[in-house]
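Structure at a glance
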Amino acid sequence: MHHYLEFRAIHYSYRGGAEALRGVDLRISHGEHVALIGGNGAGKSTLLLLADGLLMPSAGEVIVGGIKVEQSTLHVIRQNVGLVFQDPDNQLFMSTVEEDVAFGPRNMGLSEEEISRRVIEALRKVDAEGLLHRDSFRLSGGEKRRVAIATTLSMTPSIILMDEPSANLDPKSRRRLIELLRAFDHTLLVATHDMDLAEELCQRVVVLNKGQIVADGKKEEIFRRKELLESCSLEQPYAYR
Amino acid sequence: MSQNLERALLGLDRAFRPQAKGMAREIDPRAKLLVALTFLIAMLSTPLMDLGRVAAWGIPIMVAAYISRADYFSLVGYSLLLLPFVALIGLFNILYEREVVASLFGIAVTKGWIMALAITLRGIFSVQTILLMVFATGIYPLCGAMLKLRIPTLFVAQTLMIYRFLRVLLIELQEIIFATQARSAGIKRYPLRLWARIISELLIRTIRRARTLDMAMRARGWQGDVPLARQQYVWRWRDTLFLFAWLGVVAVVRFIRL
């Protein structure tokens, strides 16, 4: 599968609510690290949920590696797209880290040996091997975040979507996370308010405001546009001020 | 309250992880499941008026707890949590079965009292048996064994969901209690109206949380079935021996008057 992600004329409305996305067109190529920035309620999380088929668009289509996201393709899509939720507590629901990281591979119907191998490998990648037998809900914020990433890595996805990965992290954990994500060779789409994280991690920045893409380009171009960022309830990264 | 919840969470995790050591852990989960099911059927079919025999079912449970190196007193503790519900069922027997069948230190013992006590014991022993089985096997191997024994997938999936939901429920309740305590200004006993609010908030939160968890599970390939590895179960001689030894124990307690 070619690891690209494409949104074509996407509209999405929540039941009884306003339109969350209004005609979003976006293509993310293989291996790109893209930051999706925007204020609260801009539609960032909705776009990520659509990319993983957890929500279906009201209009338009989402294409992952040439495959349209629809009910019949969800099994393939979810093996190739890993979604890391904003709140790791929502991602970690089993009693131990080991069980949590093994959940995805189990759903893929792998053998017990392969599951164990993948669990160790995923935890090693996020530098969390020592947490294997720990209770998921007794980890620190940074540990939870790394384990949450491991739960998707164990499924060996080609595309990773992350929703506010640096939320609630202390500076040291945040730094560790940035180093970890920089080393990824996956196609990466990061929805964030954290301008400095976006600046360090991504080459391309997409600005979403009120359900529409208002800017899309190289990070240097976008982050220099102070007025644009402020009009979207954002601010420039520290390096651009 | 928050300490009790913490304990309950820990207990739930301990209970649902395979903690038994040695032989009890190595036995094929199908053998353990078959023994537990036979044990439950035999115990629950013991006539209520045969109180001595009903009480005798507690002995094999103690022996099994010892072999599995389970903390028997914790098992008793958890099973007692259900005591009010079980006792409530028995209460109706006390009200309707008033025939005096014995006298104890000059006090008339009615048929209803004996039946209520037997129902309570059976309820407690059932919970202990299930907890012990999970303790000795672990939730996943247990569910795997259920599927191998052709227990419907829907039932097995529900078992796993109940396990996850219990954890979510306890974690959410803990958070609400923390938030309440933080603003309670030292008050230790909350009025009934506040408890009603806490429970309604808990329900709303768990529904919301369940929805997000469902998304998180689907994002990792869950399709409503049981996420179990393709495990190869190998039935050995020791499993046969284990099965027949325990079936023998069950037969003795159920049918032979000691």
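Residues numbered from 1 in each chain as written. Chains lettered and ligands numbered in written order. Predicted model: local features only at pLDDT ≥ 70, side-chain atom pairs only at ≥ 80, totals over all residues. Heavy atoms only, no water.

For chain A, the helix and strand inventory stands at 10 helices and 10 strands. Compactness check: chain A gives a C-alpha radius of gyration of 18 Å against a globular reference of 18 Å for 241 residues, within 12% of the reference. With the C-alpha coordinates aligned to their principal axes, the bounding extent of chain A is approximately 50 × 40 × 35 Å. Considering chain A as a whole, with its 241 residues, one finds that 60% of them fall into the buried category. Sequence separation of 24 or more characterises 64% of the internal contacts of chain A that already satisfy a separation of 6 or more. (Helix = DSSP H or I, 4+ residues; strand = E, 2+ residues; numbered from the N terminus. Rg over C-alpha atoms; globule rule 2.2 N^0.38 Å. Buried < 20%, exposed > 50% of the residue type's maximum accessible area, 1.4 Å probe, protein only. Contact = heavy atoms within 4.5 Å.)

The subject of this paragraph is the environment of L153 of chain A. Residue and element names in this part refer to chain A. Structurally, L153 is set in helix α6 (residues 141–153). Looking at L153, the relative accessible area reads 4%, which means it is buried. Measuring from C-alpha to C-alpha, the distance between L153 and G39 comes to 28 Å, with 114 residues separating the pair along the chain.

Residue and element names in this part refer to chain B. At a minimum axis distance of 10 Å, the contact between helix α3 (residues 29–44) and helix α8 (residues 111–137) shows a crossing angle of 180°. Judged by the angle between their axes, α3 and α8 are roughly antiparallel. Here α3 contributes P29, K32, L33, A36, F39, L40, M43 and L44 to the contact with α8, which in turn contributes R122, F125, S126, T129, I130, M133, A136 and T137. Each residue belonging to the contact of α3 with α8 can be placed in one class, and the counts come to 11 nonpolar, three polar and two charged. (Axes fitted to C-alpha atoms, helices over the stretch in contact; angles between N-to-C directions. Parallel < 35°, antiparallel > 145°, perpendicular 65-115°, else oblique. Nonpolar A, V, L, I, M, F, W, Y, C, P; charged D, E, K, R; others polar.)

The subject of this paragraph is the confidence of the model for chain B. Residues and elements named next belong to chain B. Here chain B shows a mean pLDDT of 81. Residues at 70 or above account for 87%. For chain B, per-element mean pLDDT is lowest for helix α1 (residues 2–15), which scores 62, and highest for α3, which scores 93. Interface predicted TM-score (ipTM) for the complex: 0.81; the corresponding pTM is 0.70. (pLDDT = per-residue confidence, 0-100.)

With 27 residues of chain B at the contact, the number on the chain A side is 33 residues. When chain B packs against chain A, the two sides together hide about 2,900 Å² of surface, and 54% of this comes from carbon and sulfur. Scanning the region where chain B abuts chain A turns up one salt bridge. Between D100 of chain A and R220 of chain B there is a salt bridge whose closest N-O contact spans 3.9 Å. Put simply, chain B and chain A have six residue pairs in polar contact (both at pLDDT 80 or more) between them. Where the side of chain B that touches chain A is concerned, the elements lending two or more residues are α1, α10 (153–182) and α11 (192–219) of chain B. Looking at side-chain class alone, the side of chain B that touches chain A contains 14 nonpolar, four polar and nine charged residues. (Buried area = accessible area lost by both parts, 1.4 Å probe. Salt bridge = Lys/Arg side-chain N within 4 Å of Asp/Glu carboxyl O. Polar contact = N/O pair within 3.5 Å; in protein donor to acceptor, adjacent residues only side chain to side chain.)

Overall, antiparallel pairing links the four strands, which are arranged β2-β1-β4-β5 (chain A) in an open sheet. The strands lining the two open edges of the sheet, one partner per strand, are β2 (19–28) and β5 (67–68) of chain A. (Pairing = 2+ DSSP bridges.)

Residue and element names in this part refer to chain A. Applying the stated criterion to the full structure yields zero disulfides over all chains. Here C202 stays unpaired: no disulfide links it, and the sulfur of C232, its closest cysteine neighbor, is 17 Å away. Note on C232: relative accessible area 1%, which makes it buried. (Disulfide = S-S within 2.5 Å.)

As a further point, take the pattern of salt bridges. Under the definition given, this model contains 28 salt bridges over all chains. A salt bridge links R53 of chain B to D50 of chain B, with the shortest nitrogen-to-oxygen separation between them at 2.9 Å. For the pair R53 of chain B and D50 of chain B, a shared accessibility class is recorded, and that class is buried. Here E172 of chain B and R205 of chain B are joined by a salt bridge, their closest N and O atoms 3.5 Å apart. Taken together, the residues span a long stretch of sequence, with E172 of chain B in helix α10 and R205 of chain B in helix α11 at a distance of 33 residues. Taking relative accessible area as the criterion, E172 of chain B reaches 6% and is therefore assigned buried. Each of E6, R8, R27, E61 and K68 of chain A takes part in a single network of salt bridges with overlapping partners.

It is worth spelling out helix α7 (residues 83–96) of chain B at this point. All names here are of chain B. Here α7 contains 14 residues, and its C-alpha end-to-end distance of 20 Å stays within 8% of the 20 Å for a straight helix at 1.5 Å per residue. Remark: the principal bend of α7, roughly 25°, maps to I89. Within α7 the residues assigned to the buried category are V86, G90, N93 and I94. Among the structural elements, α8 are those in contact with the buried residues of α7. (Expected span 1.5 Å × (residues − 1). Bend = angle between axes of the 7 residues up to and from the residue.)

All names here are of chain A. Taking strand neighbours across the sheet as the criterion, the six strands line up as β6-β7-β8-β3-β9-β10 in an open arrangement whose pairing is mixed. Lying at the two open borders of the sheet, with one neighbouring strand each, are β6 (81–84) and β10 (212–218). Neighbour-to-neighbour, the strand axes of the sheet open up by a mean angle of 15°, direction not taken into account. Bridge analysis of strand β3 (residues 33–37) against strand β8 (residues 187–192) gives five bridges, and the strand direction is parallel. Bridge pairing in β8 places A35 opposite V190. The sheet strands contacting helix α1 (residues 44–51) are β3, β6, β7 (159–163), β8 and β9 (204–209), and the helix crosses β7 at an angle near 150°.

Further remarks concern the environment of V69 of chain A. Residue and element names in this part refer to chain A. Among the secondary structure elements, V69 is positioned in the loop between β5 and α2 (74–80). By relative accessible area, which is 6% here, V69 ends up buried. Separated by 64 residues in sequence, V69 and L5 place their C-alpha atoms 10 Å apart. Look past the residues within four positions of V69 in its chain and what remains in contact with it is L50, A51, G53, M56, V62, V64, L74 and I77.

We now examine the environment of N209 of chain A. All names here are of chain A. Among the secondary structure elements, N209 is positioned in strand β9. It is 15 Å that separates the C-alpha atoms of N209 and L48, two residues lying 161 residues apart in sequence. Apart from the residues within four sequence positions on either side, N209 is in contact with A42, V214, S231 and C232.

Moving on: the side chain of E164 of chain A. Residue and element names in this part refer to chain A. For E164, the location among the structural elements is in the loop between β7 and α7 (171–182). Although E164 is buried, it makes no salt bridge; K44 carries the closest opposite charge, 4.2 Å away. For E164, the residues in contact, after removing those within four places along its chain, are K44, Q86, R145, A191, T192 and H193. (Lys, Arg positive; Asp, Glu negative; His and termini not counted.)

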